[in-house]
Amino acid sequence: DFFVAKHGYPGCAPQSVNELVISSDIVVYPNPVTELLQIQGLTAQTSYRLLSITGVVVQVGILQPDSKGISTDRLAPAMYLLELQNKEQRAAIRIMKQ
């Protein structure tokens, strides 16, 4: 036998997560990457986070619109998630490091 109880009250409002708006102006290449991940289409200074497939942050930084890209020399070959965000743009892109 078991018992299930639901706790709450009528004033409980459902919680939601803001949707990720992806900017189609951002181009990230080459993918898969070996050394330098190049990013085009940034309109302003942009912060980035590179996360492992398990969600661990492995690299963070700031990109300028004229920057050459992100060095991936120190990363092990694996799948990563690149998150980019500035005032006008936001994107999440899967990256494969060879």
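### Let's talk about the sheet that holds strand β7 (residues 90-97)
Consideration 1: The strand order across the open sheet formed by four strands is β4-β3-β6-β7, and the pairing between neighbours is antiparallel. The sheet terminates laterally at β4 (57-63) and β7, the two strands that pair on one side only. Between one strand axis and the next, the sheet turns through 20° on average, direction left out of account.
Consideration 2: Two strands pair when backbone bridges link them, and strand β6 (residues 78-85) and β7 are joined in this way by eight bridges, in the antiparallel orientation. In the sheet register, Q85 faces β7, and the bridge partner there is R90.

### Concerning the nonpolar core
The tendency in soluble globular proteins is for nonpolar side chains to be buried as a group.
Consideration 1: One finds I39 and L82 to be the most contacted residues of the largest nonpolar core, which totals 16 residues.
Consideration 2: Put simply, the parts of the chain that give this core at least two residues each are β2 (36-40), β3 (46-52), β6 and β7.
Consideration 3: It is β6 that contributes the most residues to this core, three residues altogether.
Consideration 4: Residue contacts for L82: discarding those within four places in its chain leaves V28, L37, I39, Y48, R49, L50, I70, A91, A92, I93 and I95.

Conventions adopted
Residues numbered from 1 in each chain as written. Predicted model: local features only at pLDDT ≥ 70, side-chain atom pairs only at ≥ 80, totals over all residues. Heavy atoms only, no water. Pairing = 2+ DSSP bridges. Helix = DSSP H or I, 4+ residues; strand = E, 2+ residues; numbered from the N terminus. Axes fitted to C-alpha atoms, helices over the stretch in contact; angles between N-to-C directions. Core = buried A, V, L, I, M, F, W, Y, C linked by side-chain atoms within 4.5 Å. Buried < 20%, exposed > 50% of the residue type's maximum accessible area, 1.4 Å probe, protein only. Contact = heavy atoms within 4.5 Å.

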